[in-house]
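Coordinate analysis (summary)
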Amino acid sequence: MLKKFFPNKILSLNNNFFTVLAVVMIFIIIIGLINALIISPPDAVQGNSVRIMYVHVPSSFIALACFGFIGIASISTLIFKIKIFPLMAKSIAPVGLVFCLVSIVTGSLWGKPTWGIFWAWDARLTSMLILLFFYIAYISIWKFVENYEKANKISSLVGVIGSLNLPVIKYSVDWWNTLHQPSSITLTSAPAIHYTMLIPLAIMLIGLIIYSLMIFLMKYKTEIIKFKLSKKNKGK
Amino acid sequence: MISRKVKSRIFVTILFLVLVLVLILFFFRSLEENIVYFLSPTEINNKESISFNKTIRIGGLVKKNSIIKKNNSINFIITDLNNEIIVSYSGSIPNLFSEEKGVVAEGKLQDKKYFIAEKILAKHDENYMPPEVIKALKESEY
């Protein structure tokens, strides 16, 4: 499995591959959006504003998953010093940042018609904002620290500390009184979302995951080329 | 096998993680009051020192048949099924505000059982269902 992410395999991915991936992604997202915006029913309590969920929930999930990946890659970098992990983490960070931002923006747009306000300093929203700052910090370190080894070390530390925030985000709604509602989909019990709403949610999630994967692979490929070039230049 | 160098790095990383975790724990302990977005009527009831001049938030369910509307003002009871607080408010209320649904009120306590709100927020639960399903569920109850 890991072998597929080895630099040479990634370098062999050409434009055809990305075009196919993009077409599949657009197809799935269009089907997902048709389901989410037209076919799926309005919510009994919230009415049509529930449709924001079909973007909000997948975005939050991807934002958390990407930082989870950064956390694992950072620990591996600190301990085993495997060269491809920092490149992978570096490539996935912008994807996570964008979806974290989308999650927060759609969340406030959803908050206004349901709760009555755009923003509340409750545990879920605040910890999500902290995640956004961790993304910004992680990316800035790679951008502004010029020495590669130094940037690698500092960003890994930020990645590890930031990933400690992930369980806080996940369980904030259970640990404290929050304005944000508890999770509808859990591992232990049946989902609290009716299946007519669960299907578009699943399609949107798959579509956006493929989108993330595509952007990640493109960026990862660029990072590998950059890394190889810098190595070559050093050799001279 | 794992070399000594890697072993020492694992040790340092774990030490670092434990240190950060302890720091975060202290951080949350000291912020406990601020992290909680609202207090339930029971928590208000059990609290020994309450500052009546401070703006706080209380939350729970709107008790059934407790909403009394008069002109622009509204009175209702927030309950957590153990304790209750009477809330008085005038102003606009969110669409989702209704009986037996979650609510958060921001304002000042007059005493442990009476609260004057400056802002009302609706808290919705994690259940999502189309209207027809709710209707069918309600019909099957009778």
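No experiment lies behind these values; they were computed from the predicted model shown.

**Some remarks on the overall build of chain A**
- Along chain A, the regular secondary structure elements total eight helices and zero strands.
- The principal-axis extents of the C-alpha atoms in chain A amount to approximately 70 × 40 × 30 Å.
- Across the 236 residues that make up chain A, the buried fraction comes to 37%.
- The contacts of chain A with a sequence gap of at least 6 include a subset with a gap of at least 24, amounting to 77%.

**Details of the domain arrangement of chain B**
- As far as domains go, chain B holds domain 1 (1–35) and domain 2 (41–123).
- Distance from the C-alpha centre of domain 1 of chain B to the C-alpha centre of domain 2 of chain B: 41 Å.

**Digging into the interface of chain B and chain A**
- Residue-level contacts link 32 residues of chain B with 35 residues of chain A.
- Those elements that place two or more of their residues in the side of chain B that touches chain A are helix H1 (4–35), strand E6 (114–123) and helix H3 (131–141) of chain B.
- At nine residues, H1 of chain B tops the list of elements feeding residues into the side of chain B that touches chain A.
- The class makeup of the residues in the side of chain B that touches chain A is 22 nonpolar, six polar and four charged.

**Notes on the packing of helix H5 (residues 123–144) of chain A against helix H7 (residues 165–175) of chain A**
Residues and elements named next belong to chain A.
- Closest axis-to-axis distance for the H5/H7 pair is 8 Å, and the angle between their directions is 160°. When the interaxial angle is binned, H5 and H7 end up roughly antiparallel. For the crossing formed where H5 meets H7, the hand is left-handed. Within the contact between the two elements, H5 uses Ala123, Arg124, Ser127, Met128, Ile130, Leu131 and Phe134 and H7 uses Asn165, Val168, Ile169, Ser172 and Val173.
- Its residues assigned to classes, the contact of H5 with H7 comprises eight nonpolar, three polar and one charged.

How each quantity is defined
Residues numbered from 1 in each chain as written. Chains lettered and ligands numbered in written order. Predicted model: local features only at pLDDT ≥ 70, side-chain atom pairs only at ≥ 80, totals over all residues. Helix = DSSP H or I, 4+ residues; strand = E, 2+ residues; numbered from the N terminus. Buried ≥ 20, exposed ≤ 12 C-beta atoms within 10 Å, placed from the backbone. Contact = placed C-beta atoms within 7 Å. Domains from an automatic or database assignment. Nonpolar A, V, L, I, M, F, W, Y, C, P; charged D, E, K, R; others polar. Axes fitted to C-alpha atoms, helices over the stretch in contact; angles between N-to-C directions. Parallel < 35°, antiparallel > 145°, perpendicular 65-115°, else oblique. Left-handed = near helix turned anticlockwise from the far one by under 90°.

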